[in-house]
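The primary structure of each chain is shown beneath.
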Amino acid sequence: MYREIFVPVDNSSPSDWAVDRAIELCRKSDGHITGNHVYAARLHDVRFRQLETGLPARFQTPDEIKKQRKIHDKLIEKGLQLIADSFLDQLGKRCEAAGVRLTRQLLEGINYEEIVNEVNRGAGRLPGLIGFDADHAAGYDGGEKTRSDVKVGENGRLLAEDEDTAARLAGSSGRQYDLLAIGAHGLGRQPYSQLGGVVSRVLRGIEKDVLLVRDARPFAGGRFLVCVDGSSYGYRAMRLALELAEAFGGSLFVCSAFDVEYHHVVFHNIKDVLSYQASKVFKFEEQEELHNNIIDKGLLKLCQANLKRAEVMAQEFPGVPLKTQILVGKPFQVIMQWAEEIKPSLLVLARHGAHRIEGTDLGSQAENLVRLMPCNVLLAGTGGVKPEDIPWIEEDGVAGLPWAPEAEVRILRVPPFAQGIARRAVEEYVLEQTNGEPSTVTNRWLDEAIRKLLPTHMQLIMGIGTAEEIVLAEVKAQEQMKATKVQGRDSDPQPLTPEVEVKCPVTGAVSRRARTAADPIVWTEEAWQRLQFVPLIARPLARNTVERFARGHDIWRVSTRVMDENKQAMIAADEFDVDTMMVMFQELRAKQIRAEAEGRDALSPEMRAFIEEAKAQGVTRCPIRDIEAQMGQCPVDLKAISPSEAKAAMERLLAERAATGD
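For clarity, every value in this text was computed on a predicted model and none was experimentally measured.

### A few points about the packing of helix 1 (residues 13–29) against helix 7 (residues 232–248)
- The contact between helix 1 and helix 7 brings their axes to 11 Å, and the two run at 80°. Overall, the two elements helix 1 and helix 7 adopt an arrangement that is roughly perpendicular. Packed against helix 1, whose contacting residues are Glu24, Leu25 and Lys28, the element helix 7 presents Leu244, Ala247 and Phe248 at the interface.
- Of the residues assigned to the contact of helix 1 with helix 7, the class counts are four nonpolar, no polar and two charged.

Have a look at this one:
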């Protein structure tokens, strides 16, 4: 429970509600409140200088201007301190009535900046108090350092005092806080604003827990809603919610959400723009089945496990009524919809989720919810969160099926973020086929599962197929890679004006001209060597992806630095685009049909020897298969004409397709 609570006040209704919630918490924990108000004397000082040109002529002399600045600075600061002290007086009366300890605090500077510095590190700028008596000043942070009151001369005019800038500050509090309780809006609230300007900035900078107060509903007997996503951040929020529900006699609603609609929308969008032929190549029905059988079911099981872990945590709080719910859809959207149904008085939410990227200050789902939720929100900070804080459940100790070494090597090709789901999907397939009898996952089982569950291009990357087909795919990839231009090294300086060499086709004379967007991308030796680590079948797409990235960023030379900047493009190298797949399929089909029409073998003796060697090494099957089954779609009836006629017909067909770009 929270014991050190920081509460900024400005006499607005949300500020008053934040004070109420802080007092409610402190009465349960014997906690302490630091009541704060930030004023910006420096801002008024700058504005006064901007207005000096409008002063009467008698005040325009350098000495008089200097004098007026000194008077104004201290007078304005004293006035701001008096206003802030009045705000804190109201807080003091309420804390005294509730029996809660209070320390008053003024900070001088930009409001959100000082609040962030104070809450995170106790490093806000404490001003020296002007004209406060010793007893009153003793209730303030830094109250031991006071400044003399504004002085009046014998002529009744204010005196200009020289004050050292450092003497105007009383240092910093050095206090460590557990919680910031702040109103969602201030005095300047507008009808359409979702959050106040100060709050929206503070939320991004605070590392501690933040209670965002929108209404007057108390914690006592409340309905608390908490969201878990399987991350340690989410389970810290779960523990906070349980502690609050137990302390205040509230009930707890726990949800876990996953979004399947996005995948379906993407599939239908792509399916609408691809040609019929391309749709058949990519087997979109199989792709959708993959998502339905693996992704959707896998995400559902993750959510079920998330809630089961939450129930395990709740066993430590037997007096807290608990209800769990799986929500399907965009997380913030479905959480908002469920909140409309259950009417929570408090949403407890982690600042980040399982997909946190280092350097971000607020997750996208959390940001949407703190802006849109109509109730109070407790945003759990990141301090002290550890991965091992995720509760253990029985399923965590259940061992999967044993894997044969050769199958284990192949499943490790799956990207790490999807490896768990892929492994579980294969094991479920094996159990399904063996009627639940445990069995070892061998290459045979893996091949069957992949053919059933994975789309065609992923089968190719996984190395399933006949040796002939794999070799033909690799030969095609080698041909495509020959067009890559490799020149220079990473360390070579880049010219101010990139140029290319051109050769006259008539005279053979070589000259230089400025590069254009149509000129090929150049790869450095180091980048080219790194590209060789990509599997040969996927290498052309990896190159094309990186080059598209380079062109999109006006980069003409691919170095290892460019490749590092384009890691996501390199990761995408195991996904074939339509052009690559169509070219590969059409050329393979054409070569085999030509060979059969001429009554000869489609492969050279050298290629046949290479294939036999591959077979001896255990290479099996590939998705570029069943050419005969597709011959029925060919417009030429190869069985009704002679080989020479078939050859001529196929050459005409290929020429027509080449002319039309098909």
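### Quick look at the side chain of Thr484
- Position of Thr484 relative to the elements: it lies in the loop between helix 17 (467–481) and strand 13 (485–486).
- The exposure class assigned to Thr484 is buried, which follows from its relative accessible area of 13%.
- Separated by 2.8 Å, the side chains of Thr484 and Arg543 make a polar contact.
- Ignoring sequence-local partners within four residues, the contact set of Thr484 consists of Trp523, Trp528 and Arg543.

### With respect to the sheet that holds strand 3 (residues 101–108)
- With mixed pairing, ten strands are arranged side by side in an open sheet as 3-2-1-6-7-12-11-8-9-10. Strands at the two margins of the open sheet, each flanked by one partner only, are strand 3 and strand 10 (322–328). The sheet shows a mean angle of 20° between the axes of neighbouring strands, direction not considered.
- Contacts from helix 6 (residues 197–205) reach strand 6 (179–183), strand 7 (209–213) and strand 12 (376–380) within the one sheet, and its direction differs from that of strand 6 by about 160°.

### So, the packing of aromatic side chains
- In the structure shown here, the tally under the stated rule is four aromatic pairs.
- With a centroid separation of 5.1 Å and an interplanar angle of 75°, the aromatic rings of Phe6 and Tyr177 are classed as edge-to-face. Of the two residues, Phe6 is situated in strand 1 (residues 4–8) and Tyr177 in the loop between strand 5 (146–147) and strand 6; the sequence distance between them amounts to 171 residues.
- Classification of Phe6 by relative accessible area gives buried; the value is 0%.
- By relative accessible area, Tyr177 is classed as buried at 3%.
- The interplanar angle of 35° and the centroid separation of 5.3 Å between the aromatic rings of Phe219 and Phe248 together place this pair among those described as tilted. Taken together, the residues span a long stretch of sequence, with Phe219 in the loop between strand 7 and strand 8 (223–227) and Phe248 in helix 7 at a distance of 29 residues. Both residues of the pair, Phe219 and Phe248, belong to the buried class.
- When the ring centre of Tyr112 is taken as origin, the NZ or CZ atom of Arg201, which lies over that ring, is 5.4 Å away.
- Arg444 extends its terminal NZ or CZ atom over the ring of Trp445, reaching a point 4.3 Å from the ring centre.

### Quick notes on the environment of Leu129
- Following the sequence through the fold, Leu129 ends up in strand 4 (residues 129–130).
- Through-space distance from the C-alpha of Leu129 to that of Gly142 is 8.3 Å; in sequence the pair is 13 residues apart.
- Beyond its immediate stretch of four places on either side in the chain, Leu129 contacts Gln81, Leu106, Ala137, Tyr140, Gly143, Lys145, Thr146 and Arg147.

### Looking at the confidence of the model for the chain
- Mean pLDDT over the chain: 77, with 68% of residues reaching 70 or higher.
- Note on residues 569–593: pLDDT is under 50 here. Beyond four places in sequence and across chains, it has 65 contacts.
- Contacts of residues 602–607 to residues separated by more than four positions or lying in other chains number nine contacts, the stretch itself having pLDDT below 50.

### So, the sheet that holds strand 16 (residues 522–523)
- In spatial order, the strands read 13-16-17; together these three strands make up an open sheet with parallel pairing. In this open sheet, the two strands that pair with only one neighbour each are strand 13 and strand 17 (557–558).

### Concerning the environment of Leu88
- Within the element layout of this structure, Leu88 appears in helix 3 (residues 62–98).
- A relative accessible area of 0% places Leu88 in the buried class.
- Measuring from C-alpha to C-alpha, the distance between Leu88 and Leu102 comes to 9.9 Å, with 14 residues separating the pair along the chain.
- If sequence neighbours within four positions are ignored, Leu88 has contacts with Val9, Gly35, Asn36, Arg104, Gln105, Leu106 and Tyr140.

### Re the pairing of strand 2 (residues 32–39)
- Counting buried residues in strand 2 gives eight out of eight residues, a clear majority hidden from the surface.
- Burial of the side chains of strand 2 extends over both faces: His32, Thr34, Asn36 and Val38 are buried on one face and Ile33, Gly35, His37 and Tyr39 on the other.
- Inspection of the sheet shows strand 1 paired to strand 2 by five bridges, in the parallel sense. Opposite Pro8, over in strand 2, you have Asn36 as the bridge partner.
- The parallel pair strand 1 and strand 2 is bridged by helix 1, and the resulting crossover is right-handed.
- Pairing analysis gives eight bridges linking strand 2 to strand 3, with the strands arranged parallel. Residue pairing across strands places Tyr39 opposite Glu108, the latter belonging to strand 3.

### Digging into the pairing of strand 15 (residues 510–514)
- Where strand 14 (residues 499–503) lies against strand 15, five bridges are found, and the strand directions are antiparallel. From the neighbouring strand, Lys503 faces strand 15, where its bridge partner is Val510.
- Counted along the chain from strand 14 to the antiparallel partner strand 15, the turn is six residues long, and its residue Gly508 has a positive phi close to 80°.

Cut-offs used in this document
Residues numbered from 1 in each chain as written. Predicted model: local features only at pLDDT ≥ 70, side-chain atom pairs only at ≥ 80, totals over all residues. Heavy atoms only, no water. Axes fitted to C-alpha atoms, helices over the stretch in contact; angles between N-to-C directions. Helix = DSSP H or I, 4+ residues; strand = E, 2+ residues; numbered from the N terminus. Parallel < 35°, antiparallel > 145°, perpendicular 65-115°, else oblique. Contact = heavy atoms within 4.5 Å. Nonpolar A, V, L, I, M, F, W, Y, C, P; charged D, E, K, R; others polar. Buried < 20%, exposed > 50% of the residue type's maximum accessible area, 1.4 Å probe, protein only. Polar contact = N/O pair within 3.5 Å; in protein donor to acceptor, adjacent residues only side chain to side chain. Pairing = 2+ DSSP bridges. Phe/Tyr/Trp six-rings, centres within 6.5 Å; stacked < 30°, edge-to-face > 60°. Lys NZ or Arg CZ within 6 Å of the ring centre and 35° of its normal. pLDDT = per-residue confidence, 0-100. Right-handed = clockwise from strand over helix to strand, strands pointing away.

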